[in-house]
Amino acid sequence: MIQKQVFSHNQLATIVTLVQELWTELLKLWKLTLFKIGDNSVSFQSIIVFILSVILVIFLSNTLSNFLKNRLLIRVEMDEGNREAIAVIVRYLLVGLGIIIVLQSIGFNLGSLVVLAGGLGVGIGFGIQDLTTNFVSGLTLLLDRPVKVGDYVELDGLSGTVKAISIRSTIIKTLDNSSVIVPNSNMIDNKVVNWSYESSSCCLRIPVRVPDDSDPLAVTEALLNAAYMESAALNNPNPKVLFVEFGDNCFKFELLVWIDRPNEREFIKSSLNFEIEYSLRQQGISLSIIDTYLLLKNTENNLDKNNQESSHVTLPTQQRFSLSNLLRQIKYFGNFSDPELRQLIENGYRQRLQRSEVLFRENDPGDAFYIILSGAVEVYVEKINKHLTNLQAGNFFGEISLMLGIPRTASIKAIEETVLFAINQNGFQKLLRDNPELYEQIVEELAKNQEELAQRQQQLRDMGLVDTTEDDQNPLDWVRKRLKNLFKV
């Protein structure tokens, strides 16, 4: 028994000795110099420590850049493109700085890299020429920012939204929801159309041909109606209609519509085509030779969606009024020629009111006048809760307040869904500046009721809104000065 126990102790001692020797050998192997870079020895230990440290640096830099992009920069209301650019630059700077710190912490002499780079520079340069080009192009995109994340771009027949810009490549998401990886050098060296460079708004140009016996004013009104029926069309700038040229047995027009969603321009253009067809048909204008851009690739669902949008924004099916005829019923515009009416229509815009929506209240600035195209509104005095009257489609209001800058004397709200034609102060000012002769025409019409002018003048005096430079005992002279002050004509 005693011999057995001694033998066991001897075996255990032998095993411990072997383990110690093995551990010593492993430590030697762990620190064994595999090769040298300059004066620096590279071992398994330095490689593993370097790899783990770099992984930690990348993780920390990604975490910090994501926090910067998704939390901090959002609070200062920075746009997506700038956030992405700053986050990418910060991430790569942190990674580069972290790797330098890691190399120094493991005792690596960075001067040795210069020796290595000098020896292998030529060969590596040829081998990674494309990578270097894309790297420099990526830095150019991030710093100069001709293209940024969120922009809608076109490149060599490819169009889509920029989703990410890295040091090597740019990812573009196309309309069919596929992601295309484009080398950064292609983004720099080739011609890129950036629809979002200065602003997200872009202009759609839709050519339209109508028979040469069509009324150009009616065509203009129909095309503008179509533009305002499209919910994606912007009111500023206003849609425009160009009479391009006289064709063979036709008139050639062009409808200009501004939108702020360039990535949806093909769908919006298709929807506008539906609206144009409908609006021209409502005016009784032949559609046999209309030439518009059509969306060639569109799914049945998208077409159904466009049809639903068109029916949604169509004016209520009540009696429809010709806007040009309604404008001629206003005494100040009754003598306008067709070109002057067309300009007046183009300077205006459509405004929709939902049921019970208030257009303005008493004492609000008189900065626009309105014509009711469909629906109805209530005129009332809010302070005393008194109903004055209801105005139906075809009625107009607010022209005196606009021309003389008089505050509203009553409130207006929609009785039902209502569509208005409106001309604001900027639109009216542009009209007067482009047509100086209209200034005297309006003054003459206003002068036909000098008693009302005197009342309006006194009303403004009582409110302290008459400038001393324009005040005059003669109401007609006061009107001239008032118009000049208000509209800088």
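If you look the protein chain up in an unreviewed UniProt entry, it shows as Mechanosensitive ion channel from Nostoc favosum CHAB5714. Under the UniProt heading Sequence similarities (unreviewed entry), the note attached to the protein chain is "Belongs to the MscS (TC 1.A.23) family."

A. Broad picture of the overall build of the protein chain. Along its length, the protein chain carries 16 helices and 18 strands. Burial status across the protein chain gives 40% buried among its 489 residues. As presented, the protein chain carries roughly 27,300 Å² of accessible surface, and 54% of it is formed by carbon and sulfur atoms.

B. View of the pattern of salt bridges. Evaluation of the coordinates by the stated rule reveals 9 salt bridges. For Lys 252, the salt bridge is made with Glu 245, and the minimal N-O distance between the two is 3.3 Å. The partly exposed category is assigned to Lys 252, whose relative accessible area is 26%. Residue Arg 281 pairs with Glu 277 through a salt bridge whose shortest N-O separation is 2.8 Å. Of this pair, Arg 281 and Glu 277 both sit in helix H8 (residues 265-282), 4 residues apart, which is roughly one turn of the helix. Glu 277 sits in the partly exposed class, given a relative accessible area of 31%.

C. Local environment of the pairing of strand S8 (residues 202-211). Within S8, 7 of the 10 residues are buried, leaving the element largely enclosed by the surrounding structure. The pairing of S8 with strand S10 (residues 250-259) spans 10 bridges and is classified as antiparallel. Paired with Arg 205 across the two strands is Leu 256, which belongs to S10.

D. Expanded view of the packing of aromatic side chains. Summed over all chains, the structure comprises 8 aromatic pairs. Residues Phe 333 and Phe 369 carry aromatic rings whose centres are separated by 5.7 Å and whose planes lie at 25° to one another, so their mutual orientation is stacked. Remark: Phe 369 occurs in strand S13 (residues 368-374) and Phe 333 occurs in the loop between helix H10 (323-329) and helix H11 (338-347); sequence separation between them is 36 residues. Summarising the burial analysis for this pair, Phe 333 and Phe 369 share the class buried.

E. The packing of helix H7 (residues 216-229) against H11, seen in detail. For the pair H7 and H11, interaxial distance at closest approach is 10 Å and the crossing angle is 5°. Judged by the angle between their axes, H7 and H11 are roughly parallel. Contact residues: H7 offers Leu 217, Thr 220, Glu 221 and Leu 224, while H11 offers Asp 338, Leu 341, Arg 342, Ile 345 and Glu 346. Considered class by class, the residues forming the contact of H7 with H11 number 4 nonpolar, 1 polar and 4 charged.

F. View of the environment of Gln 457. Relative to the helices and strands, Gln 457 is located in helix H15 (residues 450-462). Taking relative accessible area as the criterion, Gln 457 reaches 2% and is therefore assigned buried. Separated by 21 residues in the primary sequence, Gln 457 and Trp 478 place their C-alpha atoms 8.0 Å from one another.

G. Representation of the sheet that holds strand S12 (residues 358-360) within the structure. Taken together, the 4 strands give an open sheet; going across it, the order is S12-S17-S14-S15, and neighbouring strands pair in antiparallel fashion. Of all the strands in the sheet, just S12 and strand S15 (386-392) have a single pairing partner and so form its edges. On average, adjacent strands in this sheet sit at an angle of 30° to one another, irrespective of strand direction.

H. Region of interest: the pairing of strand S14 (residues 376-381). Buried residues dominate S14, accounting for 6 of its 6 residues. Here 6 bridges tie S14 to S15, and the two strands are oriented antiparallel to one another. Pairing of Ala 376 across the sheet is with Gln 392, part of S15. Hairpin connection, S14 to S15: the antiparallel pair is bridged by 4 residues, and Asn 385 has positive phi, about 55°. In the sheet, S14 pairs with strand S17 (residues 411-414) via 4 bridges, with the strands oriented antiparallel. Bridge pairing in S17 links Val 377 to Ala 414.

I. Representation of unusual backbone geometry. Note the cis peptide between Asn 236 and Pro 237, where omega equals 5°. Residue placement: Pro 237 occurs in the loop between H7 and strand S9 (240-247). Backbone geometry places Ser 356, a non-glycine residue, at a positive phi of 75°. Of note, Ser 356 is situated in the loop between strand S11 (349-353) and S12. With a phi angle near 75°, Asn 363 is a residue other than glycine that sits in the positive phi range. Looking at the element boundaries, Asn 363 is found in the loop between S12 and S13. We classify Asn 363 as partly exposed; its relative accessible area is 46%.

J. Representation of the sheet that holds strand S7 (residues 192-194) within the structure. Reading across the sheet, the 5 strands line up as S6-S5-S4-S3-S7 and stay open at both edges, with antiparallel pairing between neighbours. The sheet is open, and its two edges are formed by strand S6 (179-183) and S7, each paired on a single side. Taking the axes of each pair of neighbouring strands and ignoring which way they run, one obtains an average angle of 40° across the sheet. Taken together, the 5 bridges between strand S5 (residues 169-174) and S6 define a ladder with antiparallel strand orientation. Within S6, the residue paired with Ile 171 across the bridge is Ile 181.

K. A look at the nonpolar core. Membership of the largest hydrophobic core comes to 63 residues, with the highest contact counts inside it found for Leu 327, Phe 333, Ile 371, Phe 428 and Leu 446. Per element, the largest residue contribution to this core is 8 residues, and it comes from H7. When sequence neighbours within four positions are dropped, the list of residues in contact with Phe 428 reads Phe 333, Leu 402, Met 403, Ile 423, Ile 442 and Phe 487. Residues Tyr 349, Phe 360, Ala 368 and Phe 397 belong to the second largest nonpolar core, which totals 18 residues.

L. Structural context of helix H2 (residues 44-75). Taking 1.5 Å of rise per residue, the 32 residues of H2 would be expected to cover 46 Å, and the 46 Å separating its terminal C-alpha atoms lies within 8% of that figure. Along H2, the helix axis deviates most sharply at Leu 68, where the bend reaches about 40°. Within H2, burial applies to Ser 46, Val 54, Val 57, Ser 61, Ser 65, Leu 68, Lys 69 and Leu 73.

Conventions used here
Residues numbered from 1 in each chain as written. Predicted model: local features only at pLDDT ≥ 70, side-chain atom pairs only at ≥ 80, totals over all residues. Heavy atoms only, no water. UniProt positions renumbered as here; feature names shortened; annotations may be inferred. Helix = DSSP H or I, 4+ residues; strand = E, 2+ residues; numbered from the N terminus. Buried < 20%, exposed > 50% of the residue type's maximum accessible area, 1.4 Å probe, protein only. Areas by Shrake-Rupley, 256 points an atom, 1.4 Å probe, with all protein chains shown as cover. Salt bridge = Lys/Arg side-chain N within 4 Å of Asp/Glu carboxyl O. Pairing = 2+ DSSP bridges. Phe/Tyr/Trp six-rings, centres within 6.5 Å; stacked < 30°, edge-to-face > 60°. Axes fitted to C-alpha atoms, helices over the stretch in contact; angles between N-to-C directions. Parallel < 35°, antiparallel > 145°, perpendicular 65-115°, else oblique. Contact = heavy atoms within 4.5 Å. Nonpolar A, V, L, I, M, F, W, Y, C, P; charged D, E, K, R; others polar. Core = buried A, V, L, I, M, F, W, Y, C linked by side-chain atoms within 4.5 Å. Expected span 1.5 Å × (residues − 1). Bend = angle between axes of the 7 residues up to and from the residue.

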